[in-house]
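Residue-level structure breakdown
In case you want the letters, here they are:
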Amino acid sequence: MSEAMHAHVEAATGHGVHHDEHNGHGHHHQSFVSKYVFSMDHKTIGKQFLITGIVWAIIGGLFSVLFRLQLGYPGQTFPILETFFGHWAEGGIIKPEFYYALVTMHGTVLVFFVLTAGLSGTFANFLIPLQIGARDMASPFINMLSYWFFFLASVVMLASMFVQTGPASGGWTMYPPLSALGQANDGSKIGADLWLISMALFIVSSLLGGLNYISTILNMRTKGMSMTRLPLTIWALFFTAVLGVLSFPVLLSGAVLLLFDRNLGTSFFLSDIVVNGEILPNEGGSAILYQHLFWFLGHPEVYIILLPAMGMVSEIMSVNSRKPIFGYMAMLGSLFAIAILAFLVWAHHMFVTGLNPFLGSVFVLLTLLIAVPSAIKVFNWLTTLWRGNIRFTPGMLFAIGFVSLFISGGLTGIFLGNSTIDIHLHDTMFVVAHFHIVMGVASMFGMFAGIYHWFPKMFGRYLNTTLAYLHFWVTLIGAYLIFWPMHYQGLAGIPRRYLDKSGWHSFNQFGDLDKMITVVSVVVFAVQLMFVFNFFYSIFKGRKVTSTNPWGATTLEWTTPINPGHGNWEGEIPEVHRWAYDYAKDGRDFIPQTEPIGNNESAH
Amino acid sequence: MEHQAISSEITFEHHTDDATFRKKVVRTTILLTVITIIELILGVGIYLIHKGPDPNAMLVLFFKGLVCILTLAKAYYIVSVFMHLGDEIRNMIMTIVVPLLLFIWFIIAFIVDGNSYKNLRNTYDKHFQETTTPKPHHGAEKAPVAEPQPGKQ
Amino acid sequence: MATTATAQQTKWWSGGKSPFNMEYGKLMMWYFLMSDAFTFGAFLISYGTIRFSQNFWPDPNVVFNAVPGLGHNDLPLVFVSIMTFILIISSVTMVLAVHAGHKGDKQGVIKWLAWTIVGGIAFLSCQAWEWHHLITGVHPTLIDGKIEFIGQTTTHNPWGQLVDGAALTEALNNSSQHTLATLVHEHHANMSHADLMGKSKEELIGMLNIAEMHIREKGPVAFGGYFYGITGFHGFHVFSGVIINIVMLIMAQKNVFQQRGHYLMIEKAGLYWHFVDLVWVFVFLCFYLI
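Fair warning: this is a prediction, and the values are worked out from it, not measured in the lab.

1. Brief notes about the pairing of strand E2 (residues 146–150) of chain C
Residue and element names in this part refer to chain C.
- Pairing geometry for strand E1 (residues 139–143) and E2, over five bridges, is antiparallel. Following the sheet pairing, Ile143 is matched in E2 by Lys146.
- Turn length for the E1-E2 hairpin, with the two strands adjacent in sequence and antiparallel, is two residues, and the turn residue Asp144 shows positive phi of about 50°.

In structure tokens form, the structure reads like this:
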């Protein structure tokens, strides 16, 4: 950036909208460190979240490939594993401890580090100021802290994978007593402490981020940007942040209590335990209490993962159908309903733990209510597509894929939400299939849609479209090939988390199916690596964006320069005069939000 | 400097004159003190009932309920007057109060399940029931008991 | 208020301004406190859950009945009410500091902040004494058929049910010489411990008035864990509040706010401090009153 231009942006940054008040001197000479490392620019922080998320996704995905090898080919030796993992895979066979460490870390990494930080961290940071018309977040400094706390959490979690006794391996939910007692398994030694510390840091990060997102969306909207003119992405990210701010602290409490149980001899979650003939002194705690605390976060967490994807899909679908989103207010209402219900249904994860059955039936009712707003959203997406002038860009394909997966996975949620059916289905592969489709893969699709759609805004270049189409089709077909058969396995009673079920006669019929799933997951993982290549290659060598508004979208981020500097707009922040979805109106393809309402314009 | 705009986010600033302010603070302080004293009296009352020869469980429960309500009243005054939430505009008050409603279900579900866990153990873990259930003479602390109690370890 | 008319005409949600007429920092502080309320809420609700899952729970009036300097007198609730008043008064001084800030009165801010800090430190000192008293003050407790002396820690709880006559006599017979001597010493302070150690166990038991003894079984261990965990977490908040207030005091002293033109930081620190008071109201309720 030239000196003159830089000064210009500085002037604009200081103008009108406050910057961090406590930091009046501005950012005159940005060194490499202050521009790319300890950056306070929301766009850079968003990219930092994204790239850290991608690194974690590769690690977490690789873990799933490793344990799929065990599930598909139990007993077979893969000498290469021993080369890389040493005593964890002696003789090329994955040890049980290693297997459990892999599944635990796969869950933790994907749920928290990829789909929470990587997804809402990336897009909340990147899109909120751009789409509401703000120079930056309310507090850029706290925003920077949010990323670095996440980074710290990442370092601790990564470190836990290299300690002698291995990382936490009691499942990503860390239920005590398994996770509370070092005697129980190797992963519950230092690995579990590191897991808890890492999560505490992660919670701080998500809290700092969430507070910033909420106050930015409320306070920093540009003139004319009323709440009902906001793009649905912003609404979704807003509810995501609210969910995080209210539910993560409960996990923090649970984690602190668990740390005490582990290290101070307290009995919050432990009672009546005998290890190797020795009676432990812990008495009077309740292991179910931990599950309550965990799922009070855990269930909203599902929506923390899903809502940003829903918001981005709504936006991308409308842009690429060249039609207004169908039922904007219904979309808002259903987001709100989902956000509230998310807090009321946590115990449906605990139907078979000894939860009071009557209480369980109340949770069944509340759980099934979620079907209503979810169905509203699905119908609105489908009606947005209906008779649209659809452009099948990669982003759009992933958005449509999201809806497909959300329907497929959502339907099985109705099975699992009934406590009676859950008695048969809990802890089987059916559950694995359900949540991977509806929240795992679906949210990944939302994330991919977002990346393909906003990549031009992030880096001023396009991703390679051929690779993108290949990425989409292989991932979509692969996801269904991997997870669809798991429903049948689950209905037949195959438990999840078992590393070798060849001892059961009745499960032997699924041997070939498991091999198929494993082969497909290797292929899908390879295609994700191809996407990562496409991502980094295109940052530097991709086709350049030549117009400020390549998709013909109405929202504010496309009124900024192709490579916006810190402060986003060079002159005044534009004023907003209309909602974000004026597509195909009065014979015009689209009308930007910044255009004043004309005299003889039709009302929508 | 008094009327300098703090930031463009602010539309108008609050102004309270000294006299009303002082009156309000003094009144609230006295209120909080009085409520606390009533709570203490109730607390001592509960203690005396427990200590007495024939504790009335319903009365204790009633006292405890009263204390809870008084605590909520205290919380209301602290938030509304000391934290000035009462002076904010209505929408702001709502964004604070409405999410707190989640506590209702949070508390009910947790407590009900805790209670249910106790009942489960009393039904299926006789040792737990026998060793932890308060004996009938609990509360009658002064009364010497000569005969051995059943279920005593 | 003269501004009411303006307030009604303002389109709060139309963008370009805060819909709550509140600067972002204060908004963030409010929502942070909301989040923190859920942390504390989760702790206290966990405590309630465990309490509801037990048949027996210690009576707080029996546990918290000591006041520094007043020895073994049974004074339930007295000390904790002193702590409560300290916190309420420090909240009042904080209100006054914030008010002084509104008026740009630097001396007022400094004066009232200083008093608030004094209140915070006083509260922390009280808490330190109470913890010390609970941990080191040992009580004769029936453990595995004999009497032992234990304090209230995260792993031990001496506040179980009272032990009755027959079981108590048996327990005394099983107890060690040292334990019995200590027990007798408590009631006959004129005899030294060493003298008592010279007597036989039968003699010592004979010196005890068994009907008057308040010896308890072990109580639920979770009691101590929650008490130290939650009051500790609250104490940590008080401590950080004191640190924040000290920083504010130094900044006010150095005219930082005067130069900035407003004392908003004091207001945010004030919100935090009142929240600490607010939490204490509930901790007080859950641990000491019910």
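There's plenty left to go through after this.
2. Overview of the sheet that holds E2(C)
All names here are of chain C.
- Pairing in this open sheet of three strands is mixed, and the strands run E2-E1-E3 from one edge to the other. Across the chains shown, the open sheet's two edge strands, defined by having one partner strand only, are E2 and strand E3 (216–217).
- Note that E1 and E3 share two bridges and pair parallel. Bridging from a neighbouring strand, Thr141 pairs with Arg216 of E3.
- Each of E1 and E2 touches helix H6 (residues 165–174); the most contacted strand, E2, lies at about 75° to it.
- Set on the sheet, helix H7 (residues 177–187) makes contact with E1 and E2; between it and E2 the angle comes to about 65°.

3. Examining the state of the cysteines
- Summed over all chains, the structure comprises zero disulfides over all chains.
- For the unlinked cysteine B:Cys68, the closest cysteine sulfur is that of C:Cys286, found at 7.5 Å.
- The exposure class of B:Cys68 is partly exposed, given its relative accessible area of 28%.

4. Let's talk about the environment of A:Ser506
- With respect to the secondary-structure elements, A:Ser506 resides in the loop between helix H16 (465–491) and helix H17 (511–541).
- Along the chain, A:Ser506 and A:Gly360 lie 146 residues apart, while their C-alpha atoms are 31 Å from each other.

5. What to know about the domain arrangement of chain B
- Partitioning chain B into domains gives domain 1 (18–100) and domain 2 (102–133).
- Placing a centre on the C-alpha atoms of domain 1 of chain B and another on those of domain 2 of chain B gives a separation of 28 Å.

6. Describing the packing of helix H5 (residues 96–132) of chain A against helix H7 (residues 190–219) of chain A
Residues and elements named next belong to chain A.
- Where H5 contacts H7, the two axes come as close as 11 Å, and the packing angle between them is 20°. As the angle between them shows, H5 and H7 are arranged roughly parallel. Crossing angle aside, the handedness with which H5 passes H7 is left-handed. Contact residues: Met105, Thr108, Phe112, Phe113, Thr116, Ala117, Ser120, Gly121, Ala124, Asn125, Ile128 and Ile132 in H5; Trp195, Ser198, Met199, Phe202, Tyr213, Thr216 and Ile217 in H7.
- Taken together, the residues of the contact of H5 with H7 sort by class into twelve nonpolar, seven polar and no charged.

7. Some remarks on the nonpolar core
- Ranked by size, the top nonpolar core spans 309 residues in total, and within it A:Trp346, A:Trp381, A:Phe402, A:Phe535 and C:Tyr226 carry the most contacts.
- Excluding residues that lie within four positions of it along the chain, C:Tyr226 makes contacts with A:Leu257, A:Phe268, A:Leu289, C:Phe43, C:Ser46, C:Tyr47, C:Ile50, C:Thr231 and C:Phe287.
- Membership of the second largest hydrophobic core comes to 17 residues, among which are C:Ala171, C:Val184, C:Leu208 and C:Ile215.

8. What about the interface of chain B and chain A?
- At the junction of the two partners, chain B supplies 17 residues and chain A supplies 27 residues.
- Here chain B and chain A share an interface that buries about 1700 Å² over both sides, 69% of which is from carbon and sulfur atoms.
- Connecting chain B to chain A are zero salt bridges.
- Connecting chain B to chain A are five residue pairs in polar contact (both at pLDDT 80 or more).
- When residues in the side of chain B that touches chain A are grouped by element, the largest group, eleven residues, is from helix H4 (residues 102–124) of chain B.

Parameters and conventions
- Residues numbered from 1 in each chain as written.
- Chains lettered and ligands numbered in written order.
- Predicted model: local features only at pLDDT ≥ 70, side-chain atom pairs only at ≥ 80, totals over all residues.
- Heavy atoms only, no water.
- Pairing = 2+ DSSP bridges.
- Helix = DSSP H or I, 4+ residues; strand = E, 2+ residues; numbered from the N terminus.
- Contact = heavy atoms within 4.5 Å.
- Axes fitted to C-alpha atoms, helices over the stretch in contact; angles between N-to-C directions.
- Disulfide = S-S within 2.5 Å.
- Buried < 20%, exposed > 50% of the residue type's maximum accessible area, 1.4 Å probe, protein only.
- Domains from an automatic or database assignment.
- Parallel < 35°, antiparallel > 145°, perpendicular 65-115°, else oblique.
- Left-handed = near helix turned anticlockwise from the far one by under 90°.
- Nonpolar A, V, L, I, M, F, W, Y, C, P; charged D, E, K, R; others polar.
- Core = buried A, V, L, I, M, F, W, Y, C linked by side-chain atoms within 4.5 Å.
- Buried area = accessible area lost by both parts, 1.4 Å probe.
- Salt bridge = Lys/Arg side-chain N within 4 Å of Asp/Glu carboxyl O.
- Polar contact = N/O pair within 3.5 Å; in protein donor to acceptor, adjacent residues only side chain to side chain.

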